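Remarks on the overall topology
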Amino acid sequence: MNHIRVRFAPSPTGNLHIGGARTALFNWLFARHNGGTFILRIDDTDFARSMEESKRGILSALRWLGLDWDEGPEVGGPHAPYAQSERLPLYEKAARELVEKGLAYPCYCTPEELAERRKQAMEEGRAPRYDGRCRHLSQQERIKLEQEGRRPALRLRIPDTGETVVHDFFRGGVAFANEVLDDFIIVKSNGIPAYNFASVVDDAEMQITHIIRAEEHLSNTPRQILVFQALEKPLPVFAHVPMILAPDRSKLSKRHGATSVEEFRDQGYLPDALINYLALLGWSPEGEEEILSLSELVRQFSLERVGKTAAIYDTKKLTWINGHYLNEIDLDRAVELAIPFLQKKGLVPEEIPEDLMVYIRKVVEVVRTRVKTLAEIADASDYFFDDDFTYEEKGVKKHFQKEGVASLLQAAGQRLAGLETFDLETTEEAYRNLSEELGVKAGDIIHPTRLALSGRTMGPGLFDIMVILGKERTLERLERAVKYIRNLQSS
RNA sequence: GGCCCGUUAGUCAAGUGGUCUAAGACACCGGCCUUUCACGCCGGUAACAGGGGUUCGAAUCCCCUACGGGUCACCA
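So, here is what we can say about the structure in this document. (Residues numbered from 1 in each chain as written. Chains lettered and ligands numbered in written order. Predicted model: local features only at pLDDT ≥ 70, side-chain atom pairs only at ≥ 80, totals over all residues. Heavy atoms only, no water.)

**Looking at the protein's contact with RNA strand B**
RNA strand B sits among 58 residues. The nearest are Cys109, Lys188, Arg370, His447 and Gly459. Near-protein atoms of RNA strand B (within 4 Å) split between backbone and bases, with sugar and phosphate holding 74%. Contacts to RNA strand B include Ser284, whose side-chain N or O atom sits 3.1 Å from a phosphate oxygen. One of the backbone N or O atoms of Gly459 is found 2.6 Å from a base nitrogen in RNA strand B. Only α4 (111–123), β6 (172–177), β11 (311–312), α11 (315–328), α19 (442–454) and α20 (462–469) provide two or more residues apiece to the surface near RNA strand B. When grouped by side-chain class, the residues that make up the surface near RNA strand B number 22 nonpolar, 15 polar and 21 charged. (Near = heavy atom within 4 Å. Polar contact = N/O pair within 3.5 Å; in protein donor to acceptor, adjacent residues only side chain to side chain. Helix = DSSP H or I, 4+ residues; strand = E, 2+ residues; numbered from the N terminus. Nonpolar A, V, L, I, M, F, W, Y, C, P; charged D, E, K, R; others polar.)

Shown next, in the form of structure tokens:
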């Protein structure tokens, strides 16, 4: 096979949602696996809806995911520019060529007229297709229409009979009768090319060999094939990957909660996890291991193992994968990623001094093993940064309202106070000894202590908490709890 | 509505005519470990949409029905 060239061509009209991200990922993996070229192209011919901000968002989301492009915006390449809005002369030339060959013709119907006819057709139960009325206009008629001030759009002449077959990589041959494909618009009356045209001109010019995109484009494909043929360009391989649906089986939209890469990032998901999860949505590895790094995905990926049924995404599994990565990545990276989340909750300042950094590192180390997202790290570690926490209500009932708890905690405090070194071994030993001497179960001291130190009934190992807080703060919190309990009893 | 695609457990998903009394993962439910929570480990519940064919034999091939999705724009 010739050198493989694939492209991801988003339109900058919103942020990158997970469906788009997966399409980008499959293209990228396919290119990387085969030593091909991955091209990013911005399909921004809809000037009314295209936004510079969306474009920037999409680029940064792709970079965040770790998907780099060989040719495209900001990196350039032999087919630059890579935004359709900057490639207008190319489409003009191709359109002129088609008009000269008699394959395309001007249509003077206005959008309003067309909408009206479409509406009427629907009401009468007819297929809402273009009726071809401008197909055979004479030169005189055209001139007359233009003198009325009408600006023509350009339509492609579609054969009335026969069929156009899409050879889809996953589905095999899919035939469309030409008669259901009306003469569609390739250049709008404002001179801007329509998607089905611009995209084909670019795919041909950029020598794209495989078009891997979402299934929603399958019914557009015969039209594009007709354009390729009119232009006398070779057809690429088409591979329409199944859609990703929202949990209610409908198409993804804002009302489904987090659907964009950006949102997942802000909720504390790691790029590695999102990538891994997305790869599993529609593609499956040959072996049984499902935790796969980007480089492992590159090694294993093949189009052959992509399925053809739409998938509903399930954040539970994503979250599970995320929890896995949160524990596997380097501690320093976890710390770096967690800090913005701690800052967002006001737990640490913008500028972090070195000693605080060391402290954060210890906190993240013990907290990350029991949570699944970066946001949860922040939620689960507030008491390490804030002395002014409250005690969990059900914990108070369970551990602070027991007979003799106050003196137990007091005794524990005294024991710890006498420690010369305050580490995991010495603190635990102190507690074990104390419980034995007093004839109580270790848990009877440990549980109230946890509540005293963290305000919670669950969390990292108790002695980890103690050591991280340090002797002084541990003793202070113990005292605070003793006072709290005594107060509780006297009221 | 026309056209197109699809349908294996709650979700992802393996399976390409016999090895399927249908894998694995998440979730869920038990148990072990344990100072809690989580991790980890062990075990469990749960699926071939329905109906007709073809075949010695069908989750796998064909047809019909149902359901789901996509698309029918001077959006991409």
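That covers the picture; the talk isn't over yet.
**Notes on helix α1 (residues 18–33)**
Each full turn of the α-helix corresponds to 3.6 residues, which orients residues three or four apart in the same direction. Here α1 is 16 residues long and its end C-alpha atoms lie 22 Å apart, about the 22 Å a rise of 1.5 Å per residue gives. Most of α1 sits inside the fold, with 14 of its 16 residues counted as buried. One or two steps after α1, the chain reaches Gly35, where phi turns positive at roughly 65°. (Expected span 1.5 Å × (residues − 1). Buried < 20%, exposed > 50% of the residue type's maximum accessible area, 1.4 Å probe, protein only.)

**Description of the environment of Leu29**
By the element assignment, Leu29 lies in helix α1. The spacing of Leu29 and Arg41 is 12 residues in sequence and 17 Å in space, taken between C-alpha atoms. If we skip the residues at most four places from it in the chain, Leu29 touches Leu294, Leu297, Val298 and Phe301. (Contact = heavy atoms within 4.5 Å.)

**Describing the packing of helix α17 (residues 405–417) against α19**
Between α17 and α19, whose axes approach to 10 Å, the crossing angle comes to 85°. Viewed along their axes, α17 and α19 adopt a mutual orientation that is roughly perpendicular. Residues Val405, Leu408, Leu409 and Ala412 of α17 touch α19, and the partners they reach there are Asp444, Ile445, Pro448, Thr449 and Ala452. The residue makeup of the contact of α17 with α19, split by class, is seven nonpolar, one polar and one charged. (Axes fitted to C-alpha atoms, helices over the stretch in contact; angles between N-to-C directions. Parallel < 35°, antiparallel > 145°, perpendicular 65-115°, else oblique.)

**Concerning the packing of aromatic side chains**
Inspection of the entire model under this criterion finds 12 aromatic pairs. Where Phe169 meets Phe170, the ring centres are 5.5 Å apart and the plane angle is 85°; that geometry is what we call edge-to-face. Note on Phe169: relative accessible area 35%, which makes it partly exposed. Geometrically, the ring pair formed by Phe389 and Tyr391 is edge-to-face, given 6.0 Å between the ring centres and 85° between the ring planes. (Phe/Tyr/Trp six-rings, centres within 6.5 Å; stacked < 30°, edge-to-face > 60°.)

**Describing unusual backbone geometry**
The omega torsion of the bond from Ala80 to Pro81 falls at 0°, within 30 degrees of zero and hence cis. On the secondary structure map, Pro81 appears in the loop between α2 (52–65) and α3 (88–100). The residue Glu74 is not glycine, and still its phi comes out positive at about 70°. Counting through the fold element by element, Glu74 comes out in the loop between α2 and α3. Residue classification places Glu74 among the exposed positions, given a relative accessible area of 62%. The phi dihedral of Arg249 falls on the positive side, at around 70°, and the residue is not glycine.

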